[in-house]
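Each chain, letter by letter, is given below.
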Amino acid sequence: MWLLAKSLGRLVRIGRLTVFDPLGETWRFGPGGEPAVSVRLTDRALPAQLLANPSLALGEAYMDGTLRIEAGTLRDLLSICMTDMDTIDALPGRRLNRCLDAFRNRRLHHNPISRSHANVAHHYDISTELYDLFLDADRQYSCAYFPTGTETLDEAQTLKKRHIAAKLLLRPGLEVLDIGSGWGGLAVELARQHGARVTGLSLSTEQITAARDRAAQSGLSGRVTFEQRDYREERGQYDRVVSVGMFEHVGRSGFDAFFGTLQRVLKPDGVGLLHAIGTKAPKGGSDPWVRKYIFPGGYLPTLSETIAAAERSGMWVTDVEVLRLHYAETLRHWSERFAAERETARTLYDERFCRMWEFYLAVCEMAFRNGRLMVFQIQLAKRHDTVPLTRDYIAEAEAGQIAKNISSDRTGRTP
């Protein structure tokens, strides 16, 4: 505990953290003020575990109840502990685990088709009812878009879809491939609002079933189809390819196959858009706790290694946008919604699952708010003259969609 206290003394830069250790001693850290958090450690092995593998041990201790929050909230605790990521990365256990991850990198993040099926099932084939507790009405399970920061979650997710559509330069009749189509919200939007014909791909049985139901209920089954197929197996040709929140599951060893597939399925004048979580750390990787409990096989890339892989495929990178705090706000909304429906979640699963899920949402929020994570959108094309010479068309397309929606609201018809 003395060694852990020494590390916490360097780590806690804001607020006040009070720790009651397993032997009954009280330790206080930080300059004082808010947030103020008190935690009790009930397992004598926990201080050593926190030193050896901070992320994994903290998450598991919260799940198991050997770390109990007696004052303040989990988000407050993580905010205090994750304010200074440089100090966290300097912890001996953190450095050791980064070295081990580098040694095991290919095995940890290598995702052939068979393993990808299992990884997807682990996270996405759990009850859709769970996701309905905290997602927006359209089940958008990726970073929303907050131009002002005052938008509701549903508004921000609508604006995200509009932003993506603008970058795809859509027009009626275009064939679109949606890699990692989730519950089908984006595909349905592109078909309904922009007249596209969309093929969505997912490996999740739950998502494919829900997406097909969604298309049928929307009267768009003739223009939107969903296939339970790995992107590497795709053989069609498309005017546009979009992938939102799926690239994080590819793994570094799969980058060339991913961009090679995009290059192969895009028509000569095609446009692609990749929307993914990345890191500004020197190297990509994954968090031990998130990797074990939430996204097995997951890998968060750097922007530089992603662009290098795109360029190796022979495609042009025609636009890059980095969204920094947008996902932090998205996760805040998700955490608040999950907290409001926590008892319902406990009837679906159990108390330990609820603790795991709230830790997942909170730790990811703080990684975006205080750490090195962000979201990037990379637009790609085979030809350097496929997209306009300036970015003005993006705002113009978004404004045009707003005007179209206003007209639709007034007439009661979709123009």
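For the structure, see preceding data.
Bear in mind that the values here come from a model prediction, so they are computed numbers and not experimental data.

Novice: A description of unusual backbone geometry should follow, citing residues and the corresponding values.
Specialist: Backbone torsion omega between Glu34 and Pro35 reads -5 degrees, so that peptide bond is classified as cis. Non-glycine residue Arg139 carries a positive phi angle of around 55 degrees. Examined against the element boundaries, Arg139 turns out to sit in the loop between helix H9 (128–132) and helix H10 (153–167). Residue classification places Arg139 among the partly exposed positions, given a relative accessible area of 24%. Even without being glycine, Leu169 reaches a positive phi, approximately 50 degrees. Tracing the chain through its elements places Leu169 in the loop between H10 and strand E5 (175–179). Taking the relative accessible area as the measure of exposure, Leu169 reaches 22% and is therefore partly exposed.

Novice: Which residues make up the packing of aromatic side chains, and what values go with them?
Specialist: Evaluation of the coordinates by the stated rule reveals 25 aromatic pairs. Their ring planes at 70 degrees and their centres at 6.2 Å tell us that Phe134 and Tyr141 sit as a pair that is edge-to-face. Accessibility assignment for this pair places Phe134 and Tyr141 in one class, buried. The ring of Tyr62 is capped by Arg355, whose NZ or CZ atom sits 5.0 Å from the centre of that ring.

Novice: Residue-level account of the environment of Arg223, with values.
Specialist: By the secondary structure assignment, Arg223 is in the loop between helix H12 (205–217) and strand E7 (224–228). Remark: the alpha-carbon pair of Arg223 and Ala196, spanning 27 residues in sequence, is separated by 7.3 Å. Once you skip the residues sitting within four places of it in the chain, Arg223 turns out to touch Ala191, Gly195, Ala196, Arg197 and Val198.

Novice: Can you tell me about helix H1 (residues 2–11), naming the residues and giving the values?
Specialist: Among the residues of H1, Leu4, Ala5, Ser7, Leu8 and Leu11 are the ones counted as buried. For H1, the buried positions fall inside an angular range of 160 degrees around the axis, keeping them on one side. Along H1, the residues that are exposed and aim more than 90 degrees away from the buried face are Trp2 and Leu3.

Novice: Before we move on, could you go through the sheet that holds strand E1 (residues 15–20) and cite the residues and values that matter?
Specialist: With mixed pairing, the four strands of this open sheet are ordered in space as E2-E1-E3-E4. The outermost strands of the open sheet, each flanked by one partner alone, are strand E2 (26–32) and strand E4 (67–71). Here the strands of the sheet are splayed against their neighbours by 20 degrees on average, with no regard to which way each runs. The pairing of strand E3 (residues 36–41) with E4 spans four bridges and is antiparallel.

Novice: Tell me what's going on with the nonpolar core, and back it up with residues and numbers.
Specialist: Leu17, Tyr141, Trp289 and Trp357 are the most contacted members of the largest nonpolar core, which has 72 residues in total. Take this core: its biggest share by element is 13 residues, from helix H18 (residues 351–369). Counting 26 residues, the second-largest nonpolar core is a separate cluster that includes Leu201, Tyr238, Phe247 and Ile307.

Novice: Could you give me a rundown of helix H16 (residues 326–340), with the residues and numbers involved?
Specialist: Taking 1.5 Å as the rise per residue, H16 with 15 residues should run 21 Å; its terminal C-alpha atoms sit 22 Å apart, in good agreement. Among the residues of H16, His326, Tyr327, Ala328, Glu329, Thr330, Leu331, His333, Trp334, Ser335 and Phe338 are the ones counted as buried.

Novice: Describe the sheet that holds E5, and please don't skip the residues or the numbers.
Specialist: In sheet architecture, strand pairing relies on hydrogen bonds along the backbone and comes in two forms, parallel and antiparallel. Taken in spatial order, the seven strands line up as E7-E6-E5-E8-E9-E11-E10 in an open sheet, and their pairing is mixed. Looking at which strands have only one partner, the edges of the open sheet turn out to be E7 and strand E10 (316–323). Neighbour to neighbour, the strand axes of the sheet diverge by 15 degrees on average, direction disregarded. As paired elements, strand E9 (residues 266–279) and strand E11 (residues 373–381) share nine bridges and run antiparallel to each other. Within E11, the residue paired with Val271 across the bridge is Ala381.

Novice: Let's hear about the side chain of Glu234: which residues, and what values?
Specialist: With respect to the helices and strands, Glu234 occurs in the loop between E7 and strand E8 (238–244). The class of Glu234 is buried, set by a relative accessible area of 3%. For Glu234, the side chain forms a polar contact with the side chain of Arg229, separated by 2.7 Å. Engagement of the side chain of Glu234 in a polar contact is seen with the backbone nitrogen of Gly236, the distance being 2.9 Å.

Definitions and cut-offs
Residues numbered from 1 in each chain as written. Predicted model: local features only at pLDDT ≥ 70, side-chain atom pairs only at ≥ 80, totals over all residues. Heavy atoms only, no water. Helix = DSSP H or I, 4+ residues; strand = E, 2+ residues; numbered from the N terminus. Buried < 20%, exposed > 50% of the residue type's maximum accessible area, 1.4 Å probe, protein only. Phe/Tyr/Trp six-rings, centres within 6.5 Å; stacked < 30°, edge-to-face > 60°. Lys NZ or Arg CZ within 6 Å of the ring centre and 35° of its normal. Contact = heavy atoms within 4.5 Å. Arc of directions from axis to C-beta. Pairing = 2+ DSSP bridges. Axes fitted to C-alpha atoms, helices over the stretch in contact; angles between N-to-C directions. Core = buried A, V, L, I, M, F, W, Y, C linked by side-chain atoms within 4.5 Å. Expected span 1.5 Å × (residues − 1). Polar contact = N/O pair within 3.5 Å; in protein donor to acceptor, adjacent residues only side chain to side chain.

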